[in-house]
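Residue-level listing of the chains:
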Amino acid sequence: TAWSSRTNMERVFVLAAEYSSRPEALLADPETDLRVGRVYADAGPDWERESTRSFFRYPRSSSAWRELGRSHPVGLGDLLASASHRALCALGARLGSQDAATGAIADLMVTTMPGIAPDEPMSPAMLPQTLRALLDLPQDCRCQLVVGTSDSGAWAFANAVRTARARPTTLLVTAGQLIPPGYAAQQRIRTVLGTRDQAAGLDMLAVGDLLLDVLRRANGGSVAELSAAISLIRRAKLSASARYPAALRSGDPLEDGVQLTPFFTSVDVAPACCGAAAVIVTSDLALVERVLGGPATERFRAVAAVEVLGVGEGVANPDLTHRRSPMAYLAPMRQALTNASADAGIPIDAFQRAAFAILHDAFPSIELGFLLAMGLDWEPALARMAGTWSNPYGGLLGFGHALGASGLVQISKAFHILTGDRRYVPHDEDTGFPGDGALALTSSV
């Protein structure tokens, strides 16, 4: 790529990006669920059906699980193993050997937000070692657990990139979440706020609405104009998600929902959902060459590997009410974008000229914040949210917000778009990317 300024020893690529199977596609026999990862699906299943609504809402009753053909609920380990195994299968298909794909994995990174599913039979601390055995990975494969919230998938991915730069290696990164319905899970999610904010009565909805109003005031927008823009953006996102079959809301009828806050309806908030994502990251250029020179396939319309140019983070005091800079300054977002551009060795204004961006949008205010932090003015930022540049396939609003996996979902979606992966982007749209490649940006929060 023309953008890369790194030496060959520092170049990092994504070779595969997959989601977990739907619950009804996973084996329902608890005895076989504990065998090696090959039981989780390989060449035989209906991939198109399994790629439809890969993430799902947690059934409210045991009878609902039985209606899905399962005698017991799906576990977090099942989802992580399913996504990971499918990523290994995708790599194996390009290498011409499943064993070659499995044997190439030298590092395993697993991440989730613990404590949401109190009846989960396995401690999250045991997930990496258990997955290594289930997937039949090499015994010397290094295992690591990253604990976090909705950004932990992105953190794990950034850690994987930096690990791959430090030494030639191939990593399997997987993130997932089970979010049962009800008050207990919502209260657990609320703990991502600072303790002082929680004591003041703030929750995620209130913070999202507050940020949107702060941005409106700082940029001179009116309440009526912003409300109309949010309504337009909502409908555009839900319509776009229909073209990405893995999305939870793909194919759902367009509706305005119930008003939850002065700015948000129930459709403006990404729905909580369950599932897992997995990507394979490598700095082994010999492996990349094997993938690019592997057996011909109709799956990818473009090249089947994507280079990671840079990663960057921005951090702030978790208590919104005790930050040193005003919310309108968007300091953590600006810091993340600045660090990413510096790490990639590209000018920060290149983000505005990227082919597309996959931006975190559990609330509209987060996506808008990133666009403003990139240097866009108010009206162009809203226009990009309503168009196909920002979250061209609906974002998390249409996909669903899988705490833990969301950052890795966004990486996966960018991979699917850049490679033209027909399994996840099956329509025949012409991406129009130039022959020397395209630049994409993702963000988590």
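Before reading further, recall that the structure is shown in the block above.
Because the structure is predicted, anything quoted here is derived from the model rather than measured.

*Asks:* Describe the overall build of the protein chain, naming the residues involved and giving the relevant values.
*Replies:* Along the backbone of the protein chain there are 16 helices and 8 strands. At 21 Å, the protein chain has a C-alpha radius of gyration in line with the 22 Å of a compact globule built from 445 residues. Along the longest, intermediate and shortest principal axes, the C-alpha atoms of the protein chain span 60 × 55 × 40 Å. Relative to its 445 residues, the protein chain shows a buried fraction of 55%. Relative to all contacts within the protein chain whose residues are 6 or more apart in sequence, the contacts with residues 24 or more apart total 81%. Carbon and sulfur atoms make up 54% of the accessible area of the protein chain, which amounts to about 18000 Å² in all.

*Asks:* Could you give me a rundown of the pattern of salt bridges, with the residues and numbers involved?
*Replies:* With the rule as written, the count across this model stands at 15 salt bridges. A salt bridge links Asp421 to Arg299; the shortest N-O distance between them is 2.8 Å. Here Asp421, found in the loop between α16 (406-419) and β8 (440-442), pairs with Arg299, found in the loop between α11 (285-292) and β6 (306-308); they are 122 residues apart in sequence, far enough to count as distant. Of the two residues examined, Asp421 and Arg299, each falls in the buried class. Shared partners join several salt bridges into a network, and the residues in it are Glu18, Arg299, Asp421 and Arg423.

*Asks:* Kindly report on the nonpolar core, identifying the contributing residues and their values.
*Replies:* Among the nonpolar cores identified, the biggest contains 45 residues, and Leu15, Leu131, Leu172, Leu178 and Ile280 are the most heavily contacted of them. Examining the composition of this core, we find that 10 residues originate from one element, helix α3 (residues 76-95), more than from any other. Excluding residues that lie within four positions of it along the chain, Leu178 makes contacts with Phe56, Tyr58, Val74, Gly75, Leu76, Leu79, Ile116, Ala117, Glu120 and Cys274. Of all hydrophobic cores here, the second largest spans 44 residues; its members include Phe55, Ala246, Cys273 and Tyr393.

*Asks:* So what's going on with the sheet that holds strand β3 (residues 142-147)? Which residues, and what values?
*Replies:* The strand order across the open sheet formed by 6 strands is β3-β2-β4-β5-β1-β6, and the pairing between neighbours is mixed. The strands lining the two open edges of the sheet, one partner per strand, are β3 and β6. Across the sheet, the axes of successive neighbouring strands diverge by a mean angle of 25 degrees, strand direction being ignored. With 6 bridges joining them, strand β1 (residues 12-19) and strand β5 (residues 275-282) adopt antiparallel strand pairing. Bridging from a neighbouring strand, Ala16 pairs with Ile280 of β5. Helix α5 (residues 127-134) rests against β2 (107-112), β3 and β4 (170-177) of the sheet, and its axis sits at about 130 degrees to β2. Its contacts with the sheet put α11 on β1, β4 and β5, and the angle it makes with β1 is roughly 55 degrees.

Procedures and definitions
- All residue numbers refer to positions counted from 1 along the written sequence of the respective chain.
- Confidence filtering applies because this is a predicted model: local features only for residues at pLDDT of at least 70, side-chain atom pairs given and counted only at 80 or more, and all residues used for totals across whole chains, interfaces and linings.
- Hydrogens and waters are ignored; side-chain quantities use all the structure's heavy atoms.
- Here a helix means four or more residues in a row that DSSP labels H or I, a strand means two or more in a row labelled E, and each is numbered from the N terminus.
- For a compact globule the rule gives 2.2 Å times the number of residues to the power 0.38, and the radius of gyration it is set against comes from C-alpha atoms.
- Exposed residues in this analysis have more than 50% of their type's maximum accessible area, buried residues have under 20%, and partly exposed residues fall in between, with area computed by a 1.4 Å probe over protein chains only.
- It only takes one pair of heavy atoms within 4.5 Å for two residues to be counted as in contact.
- Here the Shrake-Rupley method, with its probe set to 1.4 Å, supplies the accessible areas, and only the displayed protein chains count as covering residues.
- Any carboxyl oxygen of Asp or Glu that lies within 4 Å of a side-chain nitrogen of Lys or Arg is treated as forming a salt bridge with it.
- Side-chain atoms within 4.5 Å link the members of a nonpolar core, which is a set of buried Ala, Val, Leu, Ile, Met, Phe, Trp, Tyr and Cys residues.
- Should DSSP find at least two bridges between two strands, the strands are taken to pair.
- Fitted lines through C-alpha atoms give the axes, limited to the stretch in contact for helices. The angle between two N-to-C directions lies from 0 to 180 degrees.

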